[in-house]
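Architecture and fold: a report
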Amino acid sequence: MMNNYLYDGTADGLLSAIAWILEEEPDPEKVTIRERMDTLFEEGFTIGTDATQAESLFFRLKQYAPDAAHTLYSFMLAEKEGMETSLLHYVSLAFKHGDKVKGYLTHPAVRDIVNVSKKAGRELHRMKGLLRFEKLQDGAYLAKMEPDFNIIHPLAYHFSCRLRAQHWFLYDVKRRTAARWNNGSLQFGTIEQFTTPALSEDEKKVQALWQAFFKTIAIPDRKNPRLQKSNMPMKYWKYLVEKQGE
Amino acid sequence: MDILAKLQILSGAARYDASCASSGSKREAPSCGTGNTSSSGICHSWADDGRCISLLKILLSNDCIYDCAYCVNRSTNPVERASFTAREVIDLTLDFYRRNYIEGLFLSSAVMRSPDHTMERMVRVAEALRTEEQFGGYIHMKIIPGCSSELVRKAGLYADRISVNIELPSQASLQRLAPQKHKHAILEPMALIGREIATSLVERKASRRAPRFAPAGQSTQMIIGASPENDFQILRLSQGLYKKMNLKRVYYSAYVPVTADNRLPVLAAPPLLREHRLYQADWLLRFYGFSAEEILSDDAPHLDESFDPKTAWALRHPEFFPVEINRADYVTLLRVPGIGVLSARRIVAARRFSLITAEGLKKIGVVIKRAKYFITCSGRSFEKPDQPPALIRQRLLLGESSDAAVSALPKQLVLPGLFA
């Protein structure tokens, strides 16, 4: 008989539940876990949320299998529902096999987790290139985006290493979350009401230069819109300066 | 002339250079400056021809004293001429970089007055970006053949990657189409760059503070289809460059007719398929352990248009197959058509846990469309064993269903190199 466990639906709740199960269950691969819905006939034992436990699990994994911890991190960015049991099995296998676990693609749980984390990782990498900043009147820079996955944290970290001397904001329009970098410090928050600030005077001029460059750099005899779209899916065009008015 | 008009002229003139890599270099942003580099490289956009844009690719000037037949900037071609000032290039680079349009600058130039004069002006741009503006982003600089070795050395200190374009694959073709360019003026700086990179690597092992010289290495480019060299000659040249000069990349650029000249062939369309096959063969040289002599020979000096070069090799070598997925080593797996570096690695990693079944092979993401004729899984083959190569050839051409005609072959050409 399989043991069923429930958790509160938060990321911390999931990780602390996994930590608890790995500690208490002799064979975690025979156990399932899902979000508690509080319905009448729900069966299972609810594990309480403990942020310290969640954090400690992540750091223990990072020390033992850094690559697997990175996969776990990317998986969490995807905010996927209904894959909790797969994640439990993946983490359990990672503690058993170390970083080699990523090669265990014949195991369904490993395959599911690796695939989702890869998708999130791919979007993060893509966004590092496709994000566009606009210069505001006060000299700060603002970039808006609507990514599929919740990548604002690692993305902001990337730009904090890159555009260090600039004052800038990232804004996830869908999730209403924002990141701000100013004078060497990075902050995150949510935005209730967003009004687009005024752009700096030369902003439109620089954008026109970029649009002109974008147009002329393509070789006319090699036009290939299909390849362009497969590399740069249209869902990202909304905030691309070079794709405005298409 | 305003900056917009200049940008249009000087990016339009630079677009025939295929290289746009921004990888291979890792530099942290200066504390009060702008920009770092990422070792995997980052693409920022994709142009209408489907090629990635990661660098602001421009010429400093298109005002050329040379008269190379294949080149849009040749002195006798009646196009509008323009030159950037150093300040204009610097401002464009920084304005674009701060908005995350680009990963850095790709600076090339037509030959103004003399190679030294041109190279000096180019180096000055890179120097100002690095020292005055504290720019930490990626810089790719062309070396103008014939410039002094002192300038080559300086360029390597400021740039991440430097490259000298071979342009045409033989001295005879250079003579005919680019009479002012000489083989030795191209190969000498390449050899010098190779030596400087090697020295810098040794010095940096001894001291972390030793200066870096072109940390992302050197590359070159050849125009394909403007001159009569066959694929075997081209591939052997590339092989020599990788082995002897330690090049990171050789780019192949399908010749696009930009000027009418009776020394040039008349082509209905740029030879994109040939370019594609050359890239595939180039990949075999660099990542798959093949030699040019295995891929082509004097008797068969052209790459097969219907098959990728690895499949063509496999069809010529039935004695090598079938390969057993559960036992063959990595290098052998790489020889199977349809199994690339990624698939081979996955197979080797998955075997550690259990035997791989036919089903498992698909599950770990190996595409067996072509591979199935050449492999066994625990002794079991996917197809009837020992089919004659001629039959496999036909079935590969026609695909699975009998109604799929030859014309249904994938026409979509993907330029490799997006990640390298």
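Small disclaimer: the values here were computed from a predicted structure and weren't measured. Sequence order as written defines residue numbering, which begins from 1 separately in each chain. The lettering of chains begins at A and the numbering of ligands begins at 1, in the order of writing. Thresholds applied to this predicted model are a pLDDT of at least 70 for local features of residues and 80 or more for the giving and counting of side-chain atom pairs; totals over whole chains, interfaces and linings are not thresholded and use all residues. Each side-chain value is derived from all of the structure's non-hydrogen atoms; neither hydrogens nor water enter the calculation.

**Thoughts on unusual backbone geometry**
Residue and element names in this part refer to chain B.
- Omega for the bond connecting F321 with P322 falls within 30 degrees of zero, at 0°, which places this linkage in the cis form.
- The numbering of helices and of strands both runs from the N terminus, where a helix is a DSSP run of H or I of at least 4 residues and a strand a run of E of at least 2. For P322, the location among the structural elements is in the loop between α10 (309–316) and β9 (323–324).
- Even without glycine at this site, N246 takes up a positive phi of about 60°.
- Residue placement: N246 occurs in the loop between α7 (231–244) and β8 (249–254).
- Its relative accessible area of 60% is what places N246 among the exposed residues.
- In this structure, S378 takes a positive phi of about 50° despite not being glycine.
- In this fold, S378 is placed in the loop between β10 (375–377) and β11 (380–381). When a residue's accessible area, from a 1.4 Å probe over protein chains only, is under 20% of the maximum for its type it is buried; when over 50% it is exposed; and in between it is partly exposed.

**Some words on the domain arrangement of chain A**
Residue and element names in this part refer to chain A.
- The domains assigned to chain A are domain 1 (3–124) and domain 2 (131–243).
- These domain boundaries are the output of an automatic or database domain assignment. Computed from C-alpha coordinates alone, the two centres of domain 1 and domain 2 are separated by 33 Å.
- Across the boundary between the two partners, domain 1 contributes eight residues, which contact 10 residues of domain 2.
- With both sides pooled, the region where domain 1 packs onto domain 2 buries about 830 Å², and carbon together with sulfur makes up 61% of that total.
- Throughout, buried area stands for the accessible area (probe radius 1.4 Å) lost by two parts on being put together, summed over both. Taken as a group, L77, E123 and L124 account for 63% of the area that domain 1 buries against domain 2, more than any other trio of residues on that side.
- Every case where a carboxyl oxygen of Asp or Glu lies within 4 Å of a side-chain nitrogen of Lys or Arg is listed as a salt bridge. Along the contact surface separating domain 1 from domain 2 lie one salt bridge.
- Between E79 and R175 there is a salt bridge, with its nearest N and O atoms 3.6 Å apart.
- Two N or O atoms form a polar contact when they lie within 3.5 Å of each other; inside protein one atom must be a possible hydrogen donor and the other a possible acceptor, and for residues adjacent in sequence the pair counts only when both atoms belong to side chains. Counting across the domain 1 and domain 2 interface gives five residue pairs in polar contact (both at pLDDT 80 or more).
- Ranked by residue count, the leading element in the side of domain 1 that touches domain 2 is helix α5 (residues 108–130), at four residues. Note on contacts: a residue pair qualifies if any of its non-hydrogen atoms lie within 4.5 Å across the two residues.

**Examining the pattern of salt bridges**
- Under the definition given, this model contains 34 salt bridges over all chains.
- The partner of A:R162 in a salt bridge is B:E103, and the shortest N-O contact between them spans 2.6 Å. Here A:R162 is found in helix α6 (residues 152–162), whereas its partner B:E103 is found in the loop between α2 (86–98) and β4 (104–108) on a different chain. For the pair A:R162 and B:E103, one class covers both residues: buried.
- B:R263 is the salt-bridge partner of B:D261, the closest N and O atoms lying 2.9 Å from each other.
- A relative accessible area of 16% means that B:D261 is categorised as buried.
- The network of salt bridges with common partners includes B:D67, B:R74, B:D261 and B:R263.

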